[in-house]
Amino acid sequence: MGEKVTLKIWRGDAGQGELTDYRVEVNEGEVILDVLHRLQATQAGDLAVRWNCKAGKCGSCSMEINGRPRLACMTRMSTFDPAETITLTPMRTFPVIRDLVTDVSFNYAKAREIPSFTPDPSVKLGEFRMQQIDVNRSQEFRKCIECFLCQDTCHVIRDHPENERAFAGPRFLMRIAELEMHPADTADRREIAQDDFGLGYCNITKCCTEVCPESIKITDNALIPMKERVAGRKYDPLVWLGAKIGRRPRHDTPAVPGGKKS
């Protein structure tokens, strides 16, 4: 028999809910998800918890543990004082479906808005070569398990839900950075990062990096470099002049109102 701990768990649905106390047995080496499974088996069979791999690779069991966004399967019970009450709540940034399960469809909608990888069609299969430094950079970003803890903790939408439409969040700004930095991608993603996905809303507090279970340096390696690229495109006088010249209509093409070619 192990020790017993007190869990304070949010129970309810999209309409209303409340925190409910439970006393649950804990054995050596267990994680939060183990204890939730025991609770379902012994006291609360209707408790809704999303999970899949129990190995920190699927990102399904995201929740807030004592107010901090974490994975239940990677949070060991040994990190808590046995006398401490552990509070489990659903991710605050997303609508609650039931109990600890939230509706994260916002993230999938944002993912669909990002223009896909755009290689040079003139480069044939097997011809393109990458430097190892470029491989390493892309591989870091591809470690993302889409747990959406970075999306949950980012105060731009956590504290200001009115920004949802304009701000993609750190996970998808990182995806844009991954494509922008890929040497085989020919699309210029700097303008859409700023204008369509809200890069300017990010004030690099690094809260997204702090909660990433894969230890991806989202802020330092993705968001800040993207901001630098956007700033270079927008404020570098030579780049600005080159862009202006490049947008001028050809003499043999009549211009139409608004500066676009017919």
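Model, not experiment: these values are computed from the prediction.

(A) Inspection of the environment of Arg-38 at higher detail. Mapped onto the elements of the fold, Arg-38 is located in helix H1 (residues 32-42). The residues contacting Arg-38, other than those within four sequence positions of it, are Val-24, Glu-25, Val-26, Asn-27 and Glu-30.

(B) Region of interest: the pattern of salt bridges. Inspection of the entire model under this criterion finds 19 salt bridges. A salt bridge links Asp-46 to Arg-11; the nearest nitrogen and oxygen atoms lie 3.1 Å apart. Note that Asp-46 is positioned in the loop between H1 and strand S3 (62-65) and Arg-11 in strand S1 (residues 3-12), a separation of 35 residues in sequence. For Arg-11, a relative accessible area of 14% corresponds to the buried category.

(C) Up close: the sheet that holds S3. Pairing in this open sheet of 5 strands is mixed, and the strands run S2-S1-S5-S3-S4 from one edge to the other. Edge positions in the open sheet fall to strand S2 (17-26) and strand S4 (68-71), since each of these has one partner strand only. In this sheet, neighbouring strand axes are inclined to one another by 35 degrees on average, regardless of whether the strands run parallel or antiparallel. The pairing of S3 with S4 spans 4 bridges and is classified as antiparallel. Bridge pairing links Met-63 to Arg-70 in S4. Of the strands in this sheet, S1, S2, S3 and strand S5 (85-89) touch H1, which is tilted by about 100 degrees from S2.

(D) Representation of empty space enclosed by the protein in the model. Taken as a whole and judged by the stated rule, the model has 2 cavities of 30 Å³ or more. Approximately 110 Å³ is the volume found for the largest cavity. In terms of lining, the largest cavity is formed by 16 residues, of which the most central are Cys-144, Cys-147, Cys-150, Cys-212 and Ile-218. Contributions of two or more residues to the lining of the largest cavity are made by helix H4 (149-153), helix H6 (170-180) and helix H8 (207-211). Of the residues contributing to the lining of the largest cavity, the split by class is 13 nonpolar, no polar and 3 charged. Of the volumes computed, that of the second largest cavity is approximately 90 Å³. Every element with two or more residues in the lining of the second largest cavity is listed here: helix H5 (155-158), H8 and helix H9 (218-235). Of the residues belonging to the lining of the second largest cavity, the class tally is 8 nonpolar, 4 polar and 1 charged.

(E) Region of the structure containing the packing of aromatic side chains. Summed over all chains, the structure comprises 4 aromatic pairs. Their ring planes at 85 degrees and their centres at 5.7 Å tell us that Tyr-108 and Phe-148 sit as a pair that is edge-to-face. With Tyr-108 in helix H2 (residues 105-113) and Phe-148 in the loop between helix H3 (132-141) and H4, this residue pair connects regions lying 40 residues apart in the sequence. By relative accessible area, which is 42% here, Tyr-108 ends up partly exposed.

(F) Layout of the nonpolar core. Grouped together as the largest cluster of nonpolar side chains are 63 residues, with contacts concentrated most on Leu-7, Ile-9, Ile-32, Leu-36 and Leu-88. Top element by residues in this core is H6. It accounts for 6 residues. Beyond its immediate sequence surroundings of up to four residues, Leu-88 is in contact with Leu-7, Lys-8, Ile-9, Trp-10, Leu-19, Ile-32, Leu-36, Met-63, Glu-64, Ile-65 and Leu-100.

(G) Up close: the pairing of S2. Of the strand pairs in this sheet, S1 and S2 are connected by 10 bridges, and their pairing is antiparallel. In the sheet register, Lys-8 faces S2, and the bridge partner there is Asp-21. Remark: 4 residues form the turn of the hairpin made by S1 and S2, two consecutive strands paired antiparallel.

(H) Molecular detail of unusual backbone geometry. The phi dihedral of Lys-54 falls on the positive side, at around 55 degrees, and the residue is not glycine. In this fold, Lys-54 is placed in the loop between H1 and S3. Even without being a glycine, Ser-215 presents a positive backbone phi close to 55 degrees. Considering the arrangement of structural elements, one finds Ser-215 in the loop between H8 and H9. For Ser-215, a relative accessible area of 55% gives the class exposed.

(I) The arrangement of H1 in detail. Inspection of H1 places Ile-32, Leu-33, Asp-34, Val-35, Leu-36 and Leu-39 among the buried residues, and these make up the whole buried set. Of the surrounding elements, those touching the buried residues of H1 are S1, S2, S3 and S5.

Calculation notes
- Residues numbered from 1 in each chain as written.
- Predicted model: local features only at pLDDT ≥ 70, side-chain atom pairs only at ≥ 80, totals over all residues.
- Heavy atoms only, no water.
- Helix = DSSP H or I, 4+ residues; strand = E, 2+ residues; numbered from the N terminus.
- Contact = heavy atoms within 4.5 Å.
- Salt bridge = Lys/Arg side-chain N within 4 Å of Asp/Glu carboxyl O.
- Buried < 20%, exposed > 50% of the residue type's maximum accessible area, 1.4 Å probe, protein only.
- Pairing = 2+ DSSP bridges.
- Axes fitted to C-alpha atoms, helices over the stretch in contact; angles between N-to-C directions.
- 1 Å grid on protein atoms, 1.4 Å probe; cavity = no way out; pocket = protein on both sides within 12 Å on 5 of 7 lines; lining within 4 Å.
- Points joined across faces, edges and corners; volume = space filled by probe spheres on them.
- Nonpolar A, V, L, I, M, F, W, Y, C, P; charged D, E, K, R; others polar.
- Phe/Tyr/Trp six-rings, centres within 6.5 Å; stacked < 30°, edge-to-face > 60°.
- Core = buried A, V, L, I, M, F, W, Y, C linked by side-chain atoms within 4.5 Å.

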